[in-house]
Structure formats: structure tokens, C-alpha cells
Amino acid sequence: MLTSIKLPIVIRAEINLVLVVVTALGLLSRLYGINFPKAVVFDEVYYGQFVSLYTKQVFFIDESGPPLGHMILAFGAYLGGFDGNFIWNRIGAEYSSNVPVWSLRLIPALAGSLCVPLCYLLVVELGYSHLTALGAALLFLMENSLIVQSRFMLLESVLIFFLLLAVVSYLRFHNAQSDSPVRLAWLVLTGVTCACAVGVKYMGLFTYFLLLGLAAVHTWQLIGDRALSNVSSLGSFFCLSMNISSVVLMQVVGPHDQMMSSAFQASLEGGLARITQGQPLEVAYGSQVTLRSVSSKPMPCWLHSHKANYPIRYENGRGSSHQQQVTCYPFKDVNNWWIIKDPGRYLVVSSPPRPVRHGDVVQLLHGMTSRLLNTHDVAAPMSPHAQEVSGYIDFNVSMPAQNLWKVDIANREAEQEVWKTILSEVRLIHINTSAVLKLSGSSLPEWGYRQLEVVGDKIYKGYQPSGVWNVEEHRYGTSQEQRERELELHSPTHIDINRNLTFIAKFLELQWKMLTVKHEDSEHKYSSSPLEWITMNTNIAYWLHPASNAQIHLIGNFVTWTLANLALAVYVLLFLSYLLRRRRKIEDIPEATWCQLLQAGVVCAGGWAVNYLPFFMMEKTLFLYHYLPALTFQILLIPVVLEHLHTHMCASLRRALHGVVLAGLSSVYLSFRTFSPLTYGQPELSAEQLASLRWRDSWDILFRRR
């Protein structure tokens, strides 16, 4: 066998030196002086909080979007040994010695660096020359705004990296021979990188859908190639995998745990888990419980009462029962405790405990005031269409007690289901009026201490979280006397029974909460509108030195932005001109060239459009950096249009075009050099030099006169 092997075995490798050079230049431009400044730069104050929480494995709601991007930043922090101990409270705060600044900023810088060769490869895959691809790489290399966004702990460079890699991978797949062994690998990489882009920011969906549209066209052309459908399935699967890993990482109670269900909180280390661990599982007659509203809107809260009555008359002249107030209170409090009472029996748990089941009729006795939960045909204070809920006081005024409630377990598996601590979602239905105990969401006035209103809703239909409650804290009551019971209610609960929420349930709840949590958007000094982006009428001051004129701004290369807008306009004119003439059976360019121009337009002009136009429909605070993915695709259109014009011009005009291209590249470089002090934060400029850089009146460039 060995004699049949022919020697020597030869491996040939081709190295594209141009690609190596532009990669090295990309690394140099993004990694140079990455430690400067050793202070919090703009949104690092925001992302740093997530990084610290991930590093400490503390649970929180990643409310800004999907978690993959923050997890990538946290991985960079982990590589540098960051322990998460830093207070991210203001822009410009000096980093302490335990913060590895280079590590926090390394991954965004590497991603931004690798975007330079990806631009080169993308243009080559579109069928254009290596010289044109070099021009695209150089334009991207010298774009000041992209450099700034890459050098700090921010996510745009990571997003752009995945978008470009997804497009390059798909084009490699499309251009590969059908029998090539690596063709499927490029398709898999397309799905993975599309999913990663969506996992970093939801706006990655725009390019994902663009590629799906392009794939649909190619599939129609090659209808027999069924492998293209894997783009969607692979992308969706990997995106889910990235989101699942966020649940695995976050195991410890944190600042947003109260937004989650009681079951979710109880599965985290510390906090509620420390309180509820070992509580009795089955709610019994005589159980002492706190009842939490399943709805977290407007905020998580617990059924509550206190020694204060409803006013005899409200400000609008309506009357009340003047009985004890029942509210929903958004804080842990001893007045949140209630006793599940069997009507006509004692208040302690029997031996053995007698569990409460679906359909049972109970009374709820307030632990600290001994008032029974009651509702009747009296209008609620803030919701007059619903019934008032009160702690019953017998004033002997022909207002009988109506304090019987039927237990309806909404998520039961059987008709005789037992009411379980944390796990059961329960509706309390009033026996006399069929009203459901419900959180209205309205806040009571000063007389109600601004607590949330609880009502009896007679028109309740279907499943509404505001009308569903779960037992959060639970103990078996042993004290019959009021004074002894009050002491018991103040003591902690601990009985050795354990339970856990399933992993898939935690995952689904977290994803839903991340999608539905309400963001409080507000105006920001540097917020801007999409119309201001395309002509760069705005900028963002990322960092200002506290004692000198050194500063860093998000300002783009003015020449590049102008050329990109011009290239887009020229491409649209070319496209419409060719399209109209082809309609009249006049073919100015070969079919292959038309298809090449069309595909380049879909990728570059289409990439710009899908990453820019949707922002006009978004009701959120927007910033200039939201435009950078669109700008990336628009920049690639410049060399594409230039090569097309060069190829189809007469010889005399080509020489003139050479001069225009040389002048354009020189202008791009000079603009890059001019604004580099604001890109890198050094060297420090004088007040006069800074004033000279204010090319637009709308730019906010600050300086100190000495």
C-alpha cells in the first residue's frame, strides 16, 4: 500500500499581497492607540453596564435588543480578565486600574479592521477588477466615522462585519461551481453570519431580507437547486442558539429580575430564590401568601391593604363604601400578606394540610388588619365601570359582606388541579357578582398613597394577565391569635421543598420580555433625523478631555460622503436610462454587463436603501451612527460606478476620468488627515485649528480659548 503513494506531495498556495496589505492597514488604523483615552467614551457608559452584568452573571433584561452583541463585548472583557467591578455612571469617567481598556475595545476594533478586506472581496465577487476592489478598500479604510465607531466598546463595527461577511459568503456560494466541495460551506456561513448580524442588532434583519430576496431571484433562475432554502433555516436556528446562550449566562438575581415572573425569579441565585427556596409547594387552607399580579404593566406589584379607608366622597362627587383600601403595591411589604381561609373555619393549617384546588371557594383575610377581601356593587375610585375592592368593615349600614371567591387556575392540567406556589396562575372570581379580581393599572391619588388600583371586573373575558395572580411567598400558618400572627408574618419562610422552572420556559419568557418591554425614549443632545445623515449635517461629540482641547467626534470623511451620494445618483440615472432603452429594444451594453450592474445595484444600492429608509418609520431616538451600515454599502457603489463608466467611455474621456479618480482619492486622503485629530483624539488642536474644522454650522465642535 505504501509503495502506491507518489512522492513528493506538493501544496501550492496563492497569496494576494494586495489583500494582505489592505488587511494590515485596516488593523493599523483601528488598533493604533486603542487604549486612548482611558476614560468612558459616549455609549461605552451604556454597553459597559451590560458587560459588567454579564461578567458577574447577574440577571437583567437586555432591553436594547438581542443579546449577542453585548455577549461579544463581554467576551472581550473576559479575555482581559475584567471582573465587572466598575461604576458606569457618566461619560468621561476615568477607568480604574482593574479595567483592561484594550480588552474591552479589542473585538470591535478587530471587526472594524476585517471589514476593510471584506469590502475588497465583496467587490471582486461582484465581478469587478482587483483595482476597483482596492479602491473600495481604500475608501472604507479612510472613512473617519467608521474608524471612530470601531475603536471603542460599541456594536456598529461588529454588525457591519457580519453584514459584509454574509454578503461575501453568499456571493461566494452563488459564484462557486455547482460541484465545488466548499459551495455548501459558503451557504452555511451565509446563514450563520446573517443570524449573528440579527443577534447583534435587529436592524441586521434588513440585510438578511435583502439576501433572501437575492437568493429567491437566483433560485428562480436555477429552480432545480434546492439547497438555497437552507439560508433561512440555518439562520433562524443559529439566531435562536445565540439567544438561548443568554439565558445560560444569566443565573444571578439582578436589577431587572422583578420584571420577570415569580417562577423565573425563583430560578435565579439570590433575591427571591433566597426567600422562596424550600417553601411549601401546595397552597392549603390556612396558608399565608403574597399574591403577585402576573402582569408587569405598569409595574410588578403585590395585592396589598393597609389601615386607611376610601374617602367618603371622591373629588368628582361620587361616593365610596368608606371601607379599607385594597391596592397593588410595587414593593415587598408585610402588608402584602394574606391568609387563604376556608369559610367558617380556623385560620391555621390542619395536619395534614388540606390543599386548595381549582373550583374551591375561599376567603382571603388580610394578615395584618384581619379584614376580608371584599367587592360589591360600588364603583371603583379610578375605574367607575368596575367594582370597588375593599377590606370589609361592618358599619351596620345595610352593606353586607360579600367576601367569597372561587379559585380558577388558568394554567391547570386537570379539573382537580391543586393550587401551587409560584407555578399556578390563578383568577379569583367573586361568588356574588362574578367579577374577577383585577389590576386596573391606574394610580390612586394622594389619599391612596399613589399605589395601583385593584378592581372587580364584571366584563372580564379571556386570558388577561392583569386579572391573573400567583402565590409568590408562602408559609403554613400556625398562629390563631392576631398578635402572634403578626409576629409570624414578619419572620422569614423556610421549609425544605425545592422546585425549578424548566429551561425552555425560562428561555421563552426572556425572549418575550425582551421584545415587549417598554422603552422610555427621550430626546438627546446629539440625536438627529435620517434626513440629516445623508449630507452629514450632524455630528456626535464622543469624548472631551476635561482640561484640554483633545476630543473625539463621530464625523465622517466629508469627501467620501459626497462622492457616495454622487455615485448613488449616477447609478440611479444609469439604471433608469438602460432600463428604458432596453424596453425599446436598444441594448447599449452586453447582457452580461447589464446583469453585473443589476446585481451590484441590488447589493450596494439595495444595501444602502434597506439599512437607511426604515429609520424614517421608527419612533425612537436616532443617532448618526445608525447610518453607518447604510453608508458602508453606499461607499462600495463609488468604485462600481467608476469602473462601469471607465469601461464604456470613449478613450479621450477615459484619460480625463483617470485624473478625476486621482484627484478624488487625494481629496479623500486629505480629508481623512484633516479630521484624524478628531478621530483619534490626538494630537491636541488649538482653538483656532478646531474652529477651522467646523465645515458645517450645524457641527458641534467645542474648544477652550487660552
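Residues numbered from 1 in each chain as written. Predicted model: local features only at pLDDT ≥ 70, side-chain atom pairs only at ≥ 80, totals over all residues. Heavy atoms only, no water.

Let me state the cut-off plainly: UniProt positions are given in the numbering used here, feature names are shortened, and annotations may be inferred rather than shown by experiment.
An unreviewed UniProt entry lists the chain under the name Protein O-mannosyl-transferase 1, with Hucho hucho as the source organism. Taken verbatim from the UniProt record of the chain, the Subcellular location (unreviewed entry) comment is "Endoplasmic reticulum membrane".

1. Concerning the UniProt feature "transmembrane region" (unreviewed entry) in the chain
The test is simple: Helix numbers and strand numbers start at the N terminus; a helix is a DSSP run of H or I with at least 4 residues, a strand a run of E with at least 2.
With numbering aligned to this structure, UniProt lists the feature "transmembrane region" (unreviewed entry) at residues 68-88, 109-140, 152-171, 183-200, 558-580 and 622-642. Between the first and last C-alpha atoms of residues 109-140 the distance is 14 Å; the span itself is 88% helix and 0% strand. Across residues 183-200 one finds 100% helix and 0% strand; the C-alpha atoms that close the span lie 26 Å apart.

2. Remarks on the state of the cysteines
This is how the line gets drawn: Disulfide: a pair of cysteine sulfur atoms within 2.5 Å of each other. Exposure categories follow from relative accessible area, calculated using a 1.4 Å probe and restricted to protein chains: below 20% of the type maximum is buried, above 50% is exposed, and the middle band is partly exposed.
Enumeration according to the criterion identifies one disulfide in this entry. Paired through a disulfide, Cys301 and Cys328 show a sulfur-sulfur distance of 2.2 Å. As the torsion about the S-S bond is roughly 90°, the Cys301-Cys328 disulfide counts as right-handed. Note that Cys301 is positioned in the loop between strand E1 (287-293) and strand E2 (302-309) and Cys328 in strand E3 (residues 324-329), a separation of 27 residues in sequence. Look at Cys328 and you get buried, because its relative accessible area is 0%. The thiol of Cys119 is unpaired, and the distance to the nearest cysteine sulfur, on Cys115, comes to 6.6 Å. Taking the relative accessible area as the measure of exposure, Cys119 reaches 0% and is therefore buried.

3. What about the pairing of strand E7 (residues 387-391)?
One face of the sheet, then the other: side chains in a regular strand alternate in exactly this way. For clarity, the threshold we go by: DSSP bridges decide pairing: two strands pair if at least two such bridges lie between them.
A large share of E7 lies buried, amounting to five of its five residues. Alternating residues of E7 divide into Gln387, Val389 and Gly391 and Glu388 and Ser390, and every residue in both groups is buried. Two elements, E7 and strand E11 (residues 452-457), share two bridges in a ladder whose sense is antiparallel. What sits directly across from Glu388, in E11, is Val455.

4. Some thoughts on the nonpolar core
Condition: Here the nonpolar core consists of buried residues drawn from Ala, Val, Leu, Ile, Met, Phe, Trp, Tyr and Cys, with membership extended through side-chain atoms lying within 4.5 Å.
Membership of the largest hydrophobic core comes to 127 residues, with the highest contact counts inside it found for Trp88, Leu122, Ile540 and Tyr542. For this core, the element with the highest residue contribution is helix H7 (residues 156-175), accounting for 14 residues. Listed in part, the 27 residues of the second largest apolar core include Leu291, Cys328, Leu364 and Leu439.

5. Thoughts on the pattern of salt bridges
Any two side chains of opposite charge can pair, on the condition that their charged atoms come close. In plain terms, the rule: The rule for a salt bridge is simple: a side-chain nitrogen of Lys or Arg has to be within 4 Å of a carboxyl oxygen of Asp or Glu.
Tallying each qualifying case throughout the model produces 14 salt bridges. Of the charged contacts in the structure, one is a salt bridge between Arg105 and Glu44, with a shortest N-O distance of 2.9 Å. Of this pair, Arg105 sits in helix H4 (residues 101-125) while Glu44 sits in helix H2 (residues 44-55); the two residues are 61 residues apart in sequence, bridging distant segments of the chain. Grouping residues by exposure puts Arg105 and Glu44 together as buried. Residues Lys201 and Glu156 are paired through a salt bridge, measuring 2.2 Å at the closest nitrogen-oxygen approach. Here Glu156 lies in helix H7 and Lys201 lies in the loop between helix H8 (183-200) and helix H9 (204-221), a separation of 45 residues in the sequence. It is possible to trace a salt-bridge network through shared partners that takes in Arg292, Lys332, Glu472 and Glu473.

6. With respect to the environment of Thr433
Quick note on the threshold: In what follows, residue pairs with any heavy atoms lying within 4.5 Å of each other are defined as contacts. Under this definition, polar contacts are N or O atom pairs within 3.5 Å; protein pairs additionally need one hydrogen-donor-capable and one acceptor-capable atom, and for neighbouring residues in sequence, both atoms have to be side-chain atoms.
Within the secondary structure layout, Thr433 lies in the loop between strand E9 (426-430) and strand E10 (436-443). Assessed through its relative accessible area of 16%, Thr433 is described here as buried. Considering only alpha carbons, one finds Thr433 and Asp377, 56 residues apart in sequence, at a separation of 8.1 Å. Those residues within four positions of Thr433 in sequence are excluded, and the remaining contacts are Thr375, Gln387, Gln402 and Lys458. In terms of polar contacts, Thr433 uses its side chain to reach the side chain of Gln387, at 3.3 Å.

7. Thoughts on unusual backbone geometry
Across the junction of Phe36 and Pro37, the peptide omega takes the value -5°, indicating a cis bond. Take Pro37: it is sitting in the loop between helix H1 (17-31) and H2. Here the amide bond leading from Ser351 into Pro352 is cis, since omega sits at 0°, within 30 degrees of zero. Mapped onto the secondary structure, Pro352 falls in the loop between strand E4 (337-341) and strand E5 (361-366). A positive phi angle, close to 60°, is found at Ser370, a residue other than glycine.

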